[in-house]
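A look at the structure
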Amino acid sequence: MLLLMVVLAWQESRKPYRFKGLRVLAIILALMALLAMMLRPSRDIRVGEEEWVLLTENYSQTKLDSLTKANRGLRIVRAPGVVARDIVDSISSYRELSQRKQLQFVLGDGVPTAYMDYLKGTSFQFIPGSQPVGVVDLGSRPYPEHRKNWLEGKVRGIKGSRLTLIGPGGAEDSVLIRTNSLTPFELGFRTKIPGRFVYTLAIKDSAGGAMEQEVPVEVVASRQLSILLLQDYPQAEVRFLKNYLTGKGHPLVTRFRLSKNIFRYEVANSAAKLQGKLTMDALDRFDLVVTDEQSLKALSAEETTAMETAVRKGMGLLMLLNGPPESRRFPGDVLELSPSSPAPDTVRYNLGSFGNQSGPFVAMKPGKRVQSILRSWNYVLQGLALCGNGKVGFQSLRETYRLALGGDQSAYAALWTPLLEQTARRDTRSVSLSLTTPFPIYPGEPFTFDLIGPGSLTVLADSIEIPLAEDVSVDDLWHGRHWANSPGWKHVAAGEAVANYFVFKPGSWGSWRTAVQHRENEQASGLPNGQTLTAMHREEIPAWIFFLVFVVAMGFVWLAPKL
Amino acid sequence: MSLQEAKQYLDRQARRFALARLTEVKLLALGLGLLSFALVRLIDSSRMLPLSVGILVFAIVVILRIRRTGALRWSALKVSLYLNANFPELKDSADLLASDKSATSLEEVQRQHVLQALVNVKARVQAPHRIAQGLLLFATGITAVVLLPAAARRSSELTPINATDTTASVMLQPALSGIELLVTPPAYTGVRPFSSVGGNFKVPAGSKLTWKVRFSGSPISPALIFASEDSLSLVSREADYQASGRAEQPAFYQVTWRDASGKRYASDYFHADTREDAAPVVAVVGRQQFQTIGPGEPTQIVVNASASDDYTVKDAHLIATVSKGSGEGIKFREVTLSFDNAQFPAQHATLKLGIDLGQLGLEPGDELYFYAEAIDNRMPVPNLSRTETFFIALKDTAEAVAVADAGLGIDLMPDYFRSQRQLIIDTEKLLAEQRKIKKSDFNFRSNELGFDQKALRLKYGQFLGMEDEAGIGVVEPAAEEEGEEDPTKKFGHQHDKENEHNLVEEKKTAKEPDHQHEGSETEGVQEDPMKAFLHQHDSEDEATFFIQSVKAKLQAALTLMWDSELHLRMYEPKKSLPYQYRILALLKEIAQDNRAYVHRTGFDAPPIKEDRRLTGELEDAAGTTEQVAALTSKPFPAIQKALPQIEYLIGKQTPLSTSSRNALEQAGYEVASEALKQPGKYMRTLSALRKLMDGSVDPLKMDDMLRAIRRDLWSILPVETYSPTRERRALHPLDQEVLELMNNQRE
């Protein structure tokens, strides 16, 4: 086309008529118009005429002014209950958002979580107002009984305030906030019995003002582990471990070797009895086997295979190590431990609230698959590696019974509990219920939950049957929605699966609620805060314009010689 | 009266009439409003609804009555019309006074007549009103508000009328009106019987108790329920109900009864405390626990003691044990000595006893152990207490030689050793011969004695880890020469040397474990629990055979030996002698201390060779299975069950369910048992629990009370150590498949 243009322009320039330059230009224009008619170019234009911004609680007037200045013609609409400086339109309910897809910006604290569904399919930019001040996040999960647990949360903008957690027995812990920026905090508390409790978080600011908020605390009962202790001969370490676990009520079988095929069994707390060889059936009854390499080597090949198979099916195996186990056979091939150099024989380790402890240990380098449970410097003192559905754990600390002998039974229990817990077989359930709506939940507001399980299950919320909708893409995943009518502890139940949740009093935890709302709106907007949404649309330029240009240009070329 | 004054008068009357009507209306409305409030309150105990109804009635009555009576429409004209209607002498012309229109001459004449008549009528004019009725209604309303709720409460407290009771009689519920307690302490205490008013008491243990409980009504099945769930039935006698029992141990109890409808009632908890008969207090006064009497010192001693008891000391005496001999030949003889001035029974006694050690047969080297003992008059088993043991030793520095086997006739001691006693004898002999022998001989023999002193020092030094000082070729840890160390110790297994009756137990501190190395230090150092179970071999300071006191004495003896040797080497045996005497005394004490130590030694099993483990014949051996049922029950199960119930009740303002009431009642028993251990600590909790179960808690204070109970119950629950729990997870079948795939790929 360019070549044709050059040729035609050159020919036109050679013609002995007037308006030579204009004729050449007309030729170029005509050819370009012809080209445009073939290529059909387009242009970027702003979409629609009804773009609008929604003002929600706590919006920034400055940001609104800037926004309207940069986006002329933006229509301002305020959410229900929001007071605006200028006279603007308002929506009577957030439900109207589902019909207004032209929503461009949301200013302020955002659309309440309960109405986020009405924004599905709408692409908007969330411009938050000032950050909420106070407690903006709070942990909410079931806590185990008889533990020192930690309530975690975050605060902002309350420098000098003291947070005190008050439990059923009085004040549990307190923390002084020393900065105004977003600060995480932890408050410790000791659980004694299972149940659903309401603790209180007292917030006393530096000016003397005080406020109290409810903190739901769910404490779940301990579930016993069925444990097999395999030893060639009694050792103090295993003897103390056995006494500790027996005292805690765990079903336990201890097997000591008297001769090659003769064993002595000690059965505690009505555990499954064990006789003869270790088979898959026998091992299936245990959640955890605690042994050492020497005792494991003494097993027959058949028993070793049964042990490995049981572990791969989900059982836990805990090795009490006196050195790196042989890496070519199970379970050494799973742990891949190797001797460490230098190899100190004593290590100092930290047990959190139970202080620093020290004791003899076997220094080893863990393999890549090992996840540490207790570390000290570069040494993994307790760890585990996944093996099929089960786990192989190890303990390189030795003579831990010294802790108990020294009178520190609590530290002894705190040392062993995480290792035993994480290594043992898990209680896997095929039915589960989980809330998907973030806390806090208030009366009269909807919350959603997910159910994994057969659809034939009846889900009851406070004795009311809840209809379920199956997920469109995943089988046996169901979604439900319910409205709590009053504050306090509630639960949703489906068969054996129960999800407890707490409904807060209206108006409580305002800062937390606002922070959650900000987060939800940011996620729904699809754009991180600070990025601007460009609402441009590519539109084709009408071909008749180019045709007209072509006709005019060619007409001039035709007419010029006649003038 | 002028026309103007008449007009003013009519205006004043108009205002007065309006005020009277308004007062009437308000009183009526208030009366009706209060009545409505009181009536609705009977139905609804809350305040909002009755208040709303009362205000509504008040408003309606006010509006209606104002409209009906025209209270706000009074004017001079209306007053004049009222006067016309009520006073004929005004001849229906009073309205002429209220009119401002210019009157005709006839009207003017009539107006003057009316003015005259009005002056006469004025005093009799009264505002039309019903204030009296209004006041009556108002008073009725006030009375209803005050009296009706109280009457309602009384009626609700009445026993429901039994449907089958044709008489439909109404009975008052029986209530506890008083408790009187008759206490008869055990006869031996000598305390007279006494009475006590109120349920709480503290009496001597073993007292006979008679409760006299009075009720305001007629209770059914009244009983005393103790925290241990024992019960005593109250039997009706005369005007009250009685039960008898014996106060054996502290307890909590409450009075329970039922009314005619079968409803159960219970009183507050009462604390029944007992005062145990304390053991007598006996003490030996002004005497050291250990006393050594040297040769030539008086052997008569006086023992002063005191004895007292909360009731009566029945008897007190001295138990003395005479210890004679040594080694396997040691003998004990026990005698009971009565105090010289004993006058029993008495509550307090000051006692004295003179003891002649010679009369008891004590000789030098013997020891006397004694302690005082007192018993009280407690029945059937008296309390007995005793003092610590006191020791008196008659010093003897000339102990007889004990040979391992006298029949051998061989002295196994190295001949180049001289004992300290021998050294003293030789030194004294040398000094005695000093004038008879040459000075060179004297010096030579003194030097020789110095060498012997050195040999002896080195020998004892070995026991303190001073083996590095050679010089005399003494390599074997030979026994001491005769009189210093008993060679039989090396060959015999000696028992019953001393302290057979643990009479010297006091030497062992409470912190000392039974199994302890010599030389371990326990004083002034923080006790390490591990120390009792460990063998500390790596401390040079502790690597000796002696306990700390022996070590110190031996160290002192060695130091004195240096001094003794110094003077012997300097040919000054006379100056050396005092040191040698002190050395001898110290070595004697060490020898005696060692005997006490030998007594504490336990059996040391020979070590087992590991290569012999599991090598025995096992043909007849069989596997065994031992059942260990070590699951301990949860502490305070009822409190654990009650706490969630209380947690649920907080903020609910709902009445207790039967299960909640039972749970709280059981928890109350556990709290009571805990209150017995910590008297007074949980009394308020018990009372609060009782009020809660009775439903007698003010609804406004309910939450505070529940929180207080929750706090106390929580504090009773012990803090337990961690226990592993089985982790729970839910896996969607898809998750399971993914996990298995990952595992397969990894393998």
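Before reading further, recall that the structure is shown in the block above.
Right, let's walk through the structure included here. (Residues numbered from 1 in each chain as written. Chains lettered and ligands numbered in written order. Predicted model: local features only at pLDDT ≥ 70, side-chain atom pairs only at ≥ 80, totals over all residues. Heavy atoms only, no water.)

1. Quick word on the environment of Glu-520 of chain A
Residues and elements named next belong to chain A. The following threshold applies: Note on conventions: DSSP H or I runs of at least 4 residues are helices, E runs of at least 2 residues are strands, and numbering of each starts at the N terminus. Throughout this description, buried means an accessible area under 20% of the type-specific maximum (1.4 Å probe, protein chains only), exposed means over 50%, and partly exposed covers the range between. Residue contacts are counted whenever heavy atoms from the two residues lie within 4.5 Å of one another.
When you line up the elements, Glu-520 lands in helix H11 (residues 510-525). When its relative accessible area of 21% is taken as the criterion, Glu-520 is described as partly exposed. Along the chain, Glu-520 and Val-111 lie 409 residues apart, while their C-alpha atoms are 8.6 Å from each other. Apart from residues no more than four positions distant in its own chain, Glu-520 is found in contact with Thr-113, Met-116 and Pro-438.

2. Remarks on the interface of chain A and chain B
Stated precisely, the cut-off is as follows: Using a 1.4 Å probe, buried area is obtained as the accessible area two parts lose upon being combined, added over both of them. Salt-bridge detection follows one rule: a side-chain nitrogen of Lys or Arg within 4 Å of a carboxyl oxygen of Asp or Glu. Any pair of nitrogen or oxygen atoms within 3.5 Å is treated as a polar contact; in protein, a donor-acceptor pairing is required on top of that, and neighbouring residues in sequence qualify only through side-chain atoms on both sides. Polar here means any residue other than Ala, Val, Leu, Ile, Met, Phe, Trp, Tyr, Cys and Pro, which are nonpolar, and Asp, Glu, Lys and Arg, which are charged; Gly is therefore polar. Only strands joined by at least two bridges in the DSSP assignment are considered to pair.
Taken together, the contact pairs 73 residues of chain A with 48 residues of chain B. When the buried surface of chain A facing chain B is broken down by residue, Lys-192, Ile-193 and Arg-223 of chain A rank first, second and third, together holding 12% of it. Where chain A packs against chain B, one counts four salt bridges. Between Glu-727 of chain B and Arg-426 of chain A there is a salt bridge, with the nearest N and O atoms lying 3.3 Å from each other. There are 23 residue pairs in polar contact (both at pLDDT 80 or more) connecting chain A and chain B. The element contributing the most residues to the side of chain A that touches chain B is helix H10 (residues 409-423) of chain A, with eight residues. Of the residues in the side of chain A that touches chain B, the class split is 27 nonpolar, 23 polar and 23 charged. Here strand E27 (residues 427-429) of chain A runs beside strand E21 (residues 728-730) of chain B; their pairing, made up of three bridges, is parallel. Bridging from a neighbouring strand, Thr-428 of chain A pairs with Arg-729 of chain B of E21 of chain B.

3. Describing the sheet that holds strand E7 (residues 235-237) of chain B
Residue and element names in this part refer to chain B. Applied cut-off: Think of each axis as a best-fit line through the C-alpha atoms, taken over the contacting stretch in the case of a helix, with angles from 0 to 180 degrees between the N-to-C directions.
The five strands lie next to each other as E2-E1-E4-E8-E7, forming an open sheet whose pairing is antiparallel. Lying at the two open borders of the sheet, with one neighbouring strand each, are strand E2 (194-197) and E7. Averaged over neighbouring strand pairs, the angle between their axes works out to 30° when direction is ignored. Two strands pair when backbone bridges link them, and strand E1 (residues 176-184) and strand E4 (residues 207-215) are joined in this way by eight bridges, in the antiparallel orientation. Pairing of Thr-184 across the sheet is with Lys-208, part of E4.

4. Here we look at the pattern of salt bridges
Applying the stated criterion to the full structure yields 36 salt bridges over all chains. A salt bridge links Arg-40 of chain A to Glu-540 of chain A, with the shortest nitrogen-to-oxygen separation between them at 2.9 Å. Here Arg-40 of chain A, found in the loop between helix H2 (20-39) and strand E1 (42-46), pairs with Glu-540 of chain A, found in strand E36 (residues 536-540); they are 500 residues apart in sequence, far enough to count as distant. Taken together, the salt bridges that share partners define one network made up of Arg-239, Lys-242, Arg-264 and Glu-266 of chain A together with Glu-626 of chain B.

5. Things to note about unusual backbone geometry
Cis geometry marks the peptide bond from Phe-439 of chain A to Pro-440 of chain A; its omega dihedral reads 0°. Structurally, Pro-440 of chain A is set in the loop between strand E28 (432-435) and strand E29 (446-452). Residue Pro-345 of chain B is bonded to the preceding Phe-344 of chain B through a cis peptide linkage, with omega at 0°. Residue position: Pro-345 of chain B is located in the loop between strand E15 (331-338) and strand E16 (346-356). At Phe-19 of chain A, a residue that is not glycine, the phi angle is positive and equals roughly 55°. Tracing the sequence through the fold places Phe-19 of chain A in the loop between helix H1 (2-14) and H2. In this structure Phe-19 of chain A comes out as partly exposed when scored by relative accessible area, which is 31%. Unusually for a residue other than glycine, Glu-399 of chain A sits at a positive phi of about 55°.

6. Let's talk about the nonpolar core
The line we're drawing: Take the buried residues of types Ala, Val, Leu, Ile, Met, Phe, Trp, Tyr and Cys, join any two whose side-chain atoms come within 4.5 Å, and each joined set is a nonpolar core.
Counting 77 residues, the largest nonpolar core has Leu-163, Leu-201 and Trp-509 of chain A together with Ile-639 of chain B as its most contacted members. Ignoring any residue separated from it by four or fewer positions in sequence, one finds Leu-201 of chain A in contact with Val-135, Leu-163, Thr-164, Leu-165, Leu-187, Met-211, Glu-212, Gln-213, Val-215 and Trp-509 of chain A. In terms of nonpolar packing, the next biggest core, distinct from the first, is built from 35 residues, Leu-225, Leu-318, Tyr-412 and Trp-416 of chain A among them.

7. Digging into the packing of helix H13 (residues 658-677) of chain B against helix H14 (residues 683-694) of chain B
Residue and element names in this part refer to chain B. Note the following rule: By the definition adopted for this analysis, an angle is roughly parallel if under 35 degrees, roughly antiparallel if over 145, roughly perpendicular if from 65 to 115, and oblique otherwise. It is the rotation of the near helix from the far one that decides the hand of a crossing: anticlockwise by less than a right angle makes it left-handed, clockwise makes it right-handed.
Following both chains from N to C, one finds H13 and H14 inclined at 165°, their axes separated by 10 Å at the closest point. In terms of orientation, H13 and H14 fall into the roughly antiparallel class. Considering how the two elements wind past one another, H13 and H14 form a crossing that is left-handed. The segment H13 lies against H14, with Arg-661, Leu-664, Glu-665, Gly-668, Val-671, Ala-672 and Ala-675 engaging Thr-685, Leu-686, Leu-689, Leu-692 and Met-693. Of the residues assigned to the contact of H13 with H14, the class counts are eight nonpolar, two polar and two charged.

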